[in-house]
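Read off the chains here:
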Amino acid sequence: MAMLFRFSATPDFDFITYFARHLQTPIHNGVLEIPEKLGQGSIRKVAFGPDFKITLHHYLLQEELLLERTASGLGNELVTIFFYDNEQALGIAYNQEPPVLFSQRTESAIQVTSNDLSSTIRFPAQQRIQYVVVAITPTRLTELLALRDPNSVLQTITGRGNSFLFFESMPAEARLLLTKLMTVDLQASLSQFYLQIKVQELLYLVFQKLSLRENATHQPLNSADAARLLEVRQALLRDLSVPPVLRELAHVAAMSETKLKQLFKQTFGTPIYSYYQQARMEEAAFLLKHGRYSVAQVGYELGFSNLSHFSRLFEKHYGQNPKKFSVS
């Protein structure tokens, strides 16, 4: 059984207020305590003005929760940045499609999206959820970034009326910041000042990564495209021992090969094959560190017939050959 909460992502929508009504529980000083019958933990909201606010989710639920966000129909009047850092991968879906797990081995991810895409996030039961949402208007974000020459990605995000979806992996510094945010006492002196500084640090980390992406003409994106891109990503990671076949992935996406290559690189920041190779190396690192596999076993498990090629590729990614990495 799952608990479902639907809402429309309008700029003036206050998630915590309506979710509290849905749960029939009060809010005290900006904090919604999860009722004991549903789980434990809280949702907290802090506003740094009418155009910049954060919501902090930190709880463990007795049953699965589905948050279904429907498009506002107003175009990009709000930029939403989601930071996930959880024990188990969250299921993310667009356009009413079945949810797919976003992460492979690391259950952390950053998602930057316009508020005109419909999405569903599945939070598993009996798992500690740590999840931060930053909502900010394009104008306020532009003021914060204060960029003289933004690349095409940042121009798209800070512009008006653009539909976009960008994913980034979460650096260790961001995970540490999320942990700090979750433990702030909102009633303490200067707590809001401290929170605003830390949230701006989070934004710096994600937009610094996005600013390094190459300039390219932005391709329009809708909820159906977003859903198909996640399906492609899932197909890409399903078996890391088998290299991707573009023709087959384009069939999964119901797109031309050209459109798929453009949208995948735009959304995930790297070409399809590079994304696949990075995932392979991350899986290899995990198996070497935690799986007690030999270098040969890991190489063959991931489809490498030439172990020298595997070692060279691994060293290129991690600065050490697999054998040294496994014992370091």
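Use the structure listed above.
Chains are numbered independently. Their residues run from 1 in the order of the written sequence. Residue-level local features of this predicted model are given only where pLDDT is at least 70; pairs of side-chain atoms are given and counted only at 80 or more, and the full residue set underlies all totals for whole chains, interfaces and linings. Only hydrogens and water are removed before side-chain values are computed, so all heavy atoms of the structure are retained for them.

Caption draft 1: Just the packing of helix H9 (residues 272-290) against helix H11 (residues 307-318), in detail. Note on definitions: angles span 0 to 180 degrees between N-to-C directions of axes, and those axes are lines fitted to C-alpha atoms, for helices only across the stretch in contact. Helix and strand definitions here come from DSSP, where helices need a minimum of 4 consecutive H or I residues and strands a minimum of 2 consecutive E residues; each element is numbered from the N-terminal end. Two numbers describe how H9 lies on H11: the axes approach to 10 Å, and their chain directions differ by 95°. Taken as axis vectors, H9 and H11 run roughly perpendicular relative to one another. Each of Gln277, Gln278, Met281, Glu282, Ala284, Ala285 and Leu288 in H9 lies in contact with H11, whose residues at this interface are Phe310, Leu313, Phe314, His317 and Tyr318. Considered class by class, the residues forming the contact of H9 with H11 number 8 nonpolar, 3 polar and 1 charged. Working definition: roughly parallel below 35 degrees, roughly antiparallel above 145 degrees, roughly perpendicular at 65 to 115 degrees, and oblique for all remaining angles. Residue contacts are counted whenever heavy atoms from the two residues lie within 4.5 Å of one another. Residue type decides the class: Asp, Glu, Lys and Arg count as charged, Ala, Val, Leu, Ile, Met, Phe, Trp, Tyr, Cys and Pro as nonpolar, and the leftover types, Gly among them, as polar.

Caption draft 2: Up close: the nonpolar core. Grouped together as the largest cluster of nonpolar side chains are 36 residues, with contacts concentrated most on Ile81, Phe83, Val112, Val134, Ile157, Phe207 and Leu210. Those elements that place two or more of their residues in this core are strand S4 (52-61), strand S6 (79-85), strand S9 (108-114), strand S11 (129-136), helix H3 (152-158), helix H4 (172-182) and helix H5 (191-211). The element best represented in this core is H5, accounting for 8 residues. In this structure, isoleucine 81 is in contact with Ile110, Gln111, Val112, Val132, Val133, Val134, Ile136, Leu203 and Phe207, ignoring residues within four places of it in sequence. If you look at the next biggest cluster of nonpolar residues, it comprises 35 residues, including Val232, Leu240, Phe304 and Phe314. Here, nonpolar core means buried Ala, Val, Leu, Ile, Met, Phe, Trp, Tyr and Cys residues that are tied together by side-chain atoms lying within 4.5 Å of each other. For every residue, the accessible area (1.4 Å probe, protein chains only) is compared with the maximum for its type, and the residue is labelled buried under 20%, exposed over 50%, or partly exposed between those bounds.

Caption draft 3: Region of the structure containing unusual backbone geometry. In the Ramachandran plot, glutamine 126 falls in the positive-phi region, its phi being about 60° despite a non-glycine side chain. Here glutamine 126 lies in the loop between strand S10 (119-123) and S11. One non-glycine residue, leucine 190, lies in positive phi territory at about 65°. One can find leucine 190 in the loop between H4 and H5. For leucine 190, a relative accessible area of 62% corresponds to the exposed category.

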